[in-house]
Amino acid sequence: MSIHIQMEKVLKQFHERVANCIDQIIKKSDGKTVLICTHSGVIRSIISHLISKTYNYHWNFKIDNCSISMLEIQDDFAVIHTLNNTSHLKAGIKYEGRED
């Protein structure tokens, strides 16, 4: 089995676990706002699942560290409001006594 096929199989299994989890969270949230803090791979799988119900778009999203992405789900339809926003990291942050 080639490495590409193995990696695709691993990604598909990973995506299925993430998709099942996010579906459960949406079902239990009952329309409430939910905050999920996780790494970029999970975020890419969540977004791919919510907009296409597949893992096919997993690598189409650039997700930076500490970025904010916001989605709204209504009746099994996802709308991306914010994707990979890092503006909060650049605005007047002090680092080692300096303001950058």
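Conventions adopted
- Residues numbered from 1 in each chain as written.
- Predicted model: local features only at pLDDT ≥ 70, side-chain atom pairs only at ≥ 80, totals over all residues.
- Heavy atoms only, no water.
- Helix = DSSP H or I, 4+ residues; strand = E, 2+ residues; numbered from the N terminus.
- Polar contact = N/O pair within 3.5 Å; in protein donor to acceptor, adjacent residues only side chain to side chain.
- Pairing = 2+ DSSP bridges.
- Salt bridge = Lys/Arg side-chain N within 4 Å of Asp/Glu carboxyl O.
- Buried < 20%, exposed > 50% of the residue type's maximum accessible area, 1.4 Å probe, protein only.

## Section: the side chain of Ser67
Tracing the backbone through its elements, the reader meets Ser67 in the loop between helix 2 (40-52) and strand 1 (68-74). Looking at Ser67, its side chain comes within polar contact range of the main-chain oxygen of Asp64, at 2.9 Å. Separated by 3.1 Å, the side chains of Ser67 and Asn84 make a polar contact.

## Regarding the pairing of strand 2 (residues 77-85)
Direction of pairing for strand 1 relative to strand 2: antiparallel, over a ladder of six bridges. Bridging across to strand 2, Leu71 finds its partner in Ile80. Remark: two residues form the turn of the hairpin made by strand 1 and strand 2, two consecutive strands paired antiparallel; Asp75 in that turn has positive phi of roughly 50 degrees.

## Structural notes on the pattern of salt bridges
The final tally for this structure, using the stated rule, is two salt bridges. For the salt bridge of Asp76 with Lys53, the shortest nitrogen-to-oxygen distance reads 3.2 Å. Residue Asp76 is located in the loop between strand 1 and strand 2, and its partner Lys53 is located in the loop between helix 2 and strand 1; the two are separated by 23 residues in the primary sequence. You can call Lys53 partly exposed: its relative accessible area is 40%. For Asp64, the salt bridge identified is with Lys62, shortest N-O distance 2.6 Å. A relative accessible area of 57% places Lys62 in the exposed class.

Geometry only, nothing functional implied.
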